[in-house]
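Listed below, chain by chain, are the residues.
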Amino acid sequence: MATTTTEATKASPTNGEDKQSQNLRHQEVGHKSLLQSDDLYQYILETSVYPREPESMKELREVTAKHPWNIMTTSADEGQFLNMLIKLVNAKNTMEIGVYTGYSLLATALALPEDGKILAMDVNRENYELGLPIIEKAGVAHKIDFREGPALPVLDQLVADEKNHGTYDFIFVDADKDNYINYHKRLIDLVKVGGVIGYDNTLWNGSVVAPPDAPMRKYVRYYRDFVLELNKALAADPRIEICMLPVGDGITICRRIS
Amino acid sequence: MATTTSETTKTSSSNGEDKQSQNLRHQEVGHKSLLQSDDLYQYILETSVYPREPESMKELREVTAKHPWNIMTTSADEGQFLNMLIKLVNAKNTMEIGVYTGYSLLATALALPEDGKILAMDVNRENYELGLPIIEKAGVAHKIDFREGPALPVLDELVADEKNHGTYDFIFVDADKDNYINYHKRLIDLVKVGGVIGYDNTLWNGSVVAPPDAPMRKDFVLELNKALAADPRIEICMLPVGDGITICRRIS
């Protein structure tokens, strides 16, 4: 269950990596967490997550585990949390930026009522189509409106029409970290007052507190600055109340108050 | 910021401990967490918790820090989470079992609407009265109905009258762990369908995965966690906030 510590000393980017280091990283999937120990994380997964995981989510998780970029996927504990959160806030009209194979999308779709909606955006349709058959089999694909391409143009178009302001109950952002601040500037008008925006990966593998000279993968180091700035910006934004939850890789839950 | 590691080798119980070991335990308060490192926990506190903490909660936290049993208090990150959760679910009629000096009680009272209510129970009124002036100053004490004494008799009385079934939006349990299962048997009828019960300390300082011969008693926590996971009347989510909160949403 121990993660491979040699990983931390590798500095190669995700592109052009050899197959061996990709495999090493994949061993981490499902074991990586922000907690005291892998054992504790496994305890949570085995006691309360896996036994309750819907069959379709389990299937999607297993299909995703075989994919070379599976490090991007939403973890099972996070999927469970999102699913519960959607129900607790009675969300109906939602948005997701960053889909990958659709694990969090499925978690959301299963939680929404029959007439619930998700506007889902991702630059890569191919990955989404890996999970889509499973989402269809689960009977919830009709709730999803998938748009391939960058999110900013779509958001700008929505914001341009005031009728769209305050129409979203719940928005989940799990995408390119260097754009979160830009997304936020639009989402804060699109989410309703009292509604929720969730930003994923805001604790960035715990690297938010690593000393500057600590060994770090290139992409971790590159995006770390954006994550640190985002966290400061969200904490200072008077239009939201926030809560940083150490679920998965850290989700910051923002509740719009004005 | 490092926690005192000599603490983990102590096996003395909380009663009859000498003053020195009590002080050592108190140094941990505010640094103890379930996370990778104290630094990461401090980062969360300093970036997003303390800057947003209402003045009254800060004051209550500081008063509590001076109390000899302060290890029992709800942590600041947990208080913030409860406060947000109450608002997100639009709770109005709530309950709290286990009050101590009232940090989570205040977090809840601040989040509730003006006509919100909390039925709060604790065996010790003295500790509650330590925080009560601060809660009064915050203008929310009128929402609280405090009952001194064990909770089970109160719950039994409530359950006996069917009119009380399904009338609570939100219930927070942070009390004697060996009674959680007993509380749950009553609370599952008192909370509304779609409502939330939160059980605190369900990860018990991470000791849920310690070897069987480790000093901290955890059997009833392990049993509780198994029981909640197996209960078909609720959906659950174990959150590693504070010492671990299991959020249970009643579905039938």
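Structure's up top.
The residue count restarts for each chain, going from 1 along the sequence in the order it is written. Chain labels run from A onward and ligand labels from 1 onward, assigned in the order the entries are written. Side-chain atom pairs in this predicted model are given and counted only at pLDDT of 80 or more, local residue features only at pLDDT of at least 70, and totals for whole chains, interfaces and linings cover all residues. Based on all heavy atoms of the structure, the side-chain values leave hydrogens and waters out of the count.

Chemist: Honestly, the overall build of chain B in this entry has me stumped. Any pointers?
Modeler: Secondary structure follows DSSP: runs of H or I at least 4 residues long count as helices, runs of E at least 2 residues long count as strands, and numbering of each begins at the N terminus. If you tally the helices and strands in chain B, you get nine helices and seven strands. Type-normalised accessible area, obtained with a 1.4 Å probe on protein chains alone, sets the label of each residue: buried when under 20%, exposed when over 50%, and partly exposed for intermediate values. Every one of the 252 residues in chain B was classed for burial, and the buried ones make up 56%. The contact criterion used throughout is that any non-hydrogen atoms of two residues lie within 4.5 Å. Intrachain contacts of chain B at a sequence separation of at least 6 include 66% that bridge at least 24 residues. All accessible-area figures derive from a Shrake-Rupley calculation using a 1.4 Å probe, and residue coverage is judged against the displayed protein chains alone. Surface exposure of chain B reaches about 10,900 Å², of which carbon and sulfur atoms provide 52%.

Chemist: Is there a simple way to think about the pattern of salt bridges in this case?
Modeler: Put simply, a salt bridge is a Lys or Arg side-chain nitrogen that is within 4 Å of an Asp or Glu carboxyl oxygen. According to the stated counting rule, one finds 30 salt bridges over all chains in the structure shown. Among the ionic pairs, lysine 87 of chain B bridges to glutamate 241 of chain A, the shortest N-O distance being 3.0 Å. Taken as a pair, lysine 87 of chain B in helix α4 (residues 76-88) and glutamate 241 of chain A in strand β6 (residues 240-245) lie in two separate chains rather than in one. Overall, the relative accessible area of 18% leaves lysine 87 of chain B in the buried class. Among the salt bridges present, the one from lysine 177 of chain B reaches aspartate 174 of chain B, with a minimum N-O distance of 3.5 Å. Taken as a pair, lysine 177 of chain B and aspartate 174 of chain B share a single burial class, namely buried.

Chemist: Hey, could you run me through the nonpolar core in this one?
Modeler: Soluble globular proteins: nonpolar side chains tend toward being buried together. Only buried Ala, Val, Leu, Ile, Met, Phe, Trp, Tyr and Cys residues count toward a nonpolar core, and they belong to the same one when joined by side-chain atoms within 4.5 Å. Counting residues in hydrophobic clusters, the biggest one holds 103 residues, and the most contacted among them are Phe81 and Ile135 of chain A together with Phe81 and Ile135 of chain B. The contact partners of phenylalanine 81 of chain A, leaving out residues within four places of it in the chain, are Leu245, Val247, Ile251 and Ile253 of chain A together with Cys237 and Leu239 of chain B. The next biggest cluster of nonpolar side chains, apart from the first, holds 27 residues, and it includes Met95, Ala175, Ile197 and Leu228 of chain B.

Chemist: Sorry, what's going on with empty space enclosed by the protein here?
Modeler: Empty space among the atoms becomes apparent when a probe as large as a water molecule is rolled across them. Only protein atoms enter the 1 Å grid used here. Points where a 1.4 Å probe fits but cannot escape make up a cavity, open sets with protein on both sides within 12 Å along at least five of seven lines make up a pocket, and a residue lines them when an atom lies within 4 Å of a point. Grid points are joined across faces, edges and corners, and a volume is the space filled by probe spheres set on the points. Throughout the structure, instances matching the rule amount to four cavities of 30 Å³ or more. Empty space within the largest cavity amounts to approximately 110 Å³. Around the largest cavity, the lining is made up of 14 residues, and of these Phe81 and Leu85 of chain A together with Phe81, Leu85 and Leu239 of chain B lie nearest the centre. Looking at the lining of the largest cavity residue by residue, the class counts come to 14 nonpolar, no polar and no charged. In this structure, the second largest cavity encloses a volume near 90 Å³. As for the second largest cavity, its lining consists of 16 residues, of which Met244 and Pro246 of chain A together with Ile44, Asp77 and Val241 of chain B are closest to the centre. Of all elements in the fold, only β6 of chain A together with α2 (38-49) and α4 of chain B reach the threshold of two or more residues within the lining of the second largest cavity. Throughout this entry, Asp, Glu, Lys and Arg are counted as charged residues, while Ala, Val, Leu, Ile, Met, Phe, Trp, Tyr, Cys and Pro are counted as nonpolar. The remaining residues, Gly among them, count as polar. For the lining of the second largest cavity, the per-class residue count stands at 12 nonpolar, three polar and one charged.

Chemist: Teacher, can you tell me more about helix α3 (residues 55-65) of chain A here?
Modeler: In an α-helix, one full turn covers 3.6 residues, which means residues spaced three or four apart are oriented alike. Residues and elements named next belong to chain A. Buried residues of α3: Ser56, Met57, Leu60 and Thr64, and no others. For α3, the angular spread of the buried residues around the axis is 95°, confining them to a single face. Among the structural elements, α4 (76-88), α5 (103-111) and α6 (125-137) are those in contact with the buried residues of α3. Here the arc refers to the directions that run from the helix axis out to each C-beta atom.

Chemist: What's the story with the pairing of strand β1 (residues 93-97) of chain B in this structure? I'm lost.
Modeler: Two faces belong to every sheet, and in a regular strand the side chains alternate between them. Residues and elements named next belong to chain B. Within β1, four of the five residues are buried, leaving the element largely enclosed by the surrounding structure. For β1 and strand β2 (residues 117-122), the ladder comprises five bridges, and the chain directions are parallel. In the strand pairing of β2, methionine 95 is matched with leucine 119. Here the term right-handed applies to a crossover when the path leading from its first strand over the helix to its second strand runs clockwise, the strands being oriented away from the viewer. Read as a crossover between parallel neighbours, the route from β1 over helix α5 (residues 103-111) to β2 is right-handed. Note: two strands are recorded as paired if DSSP finds a minimum of 2 bridges between them. As judged from the four bridges shared by β1 and strand β4 (residues 168-173), these two strands associate in the parallel manner. Bridge pairing in β4 links methionine 95 to isoleucine 171.

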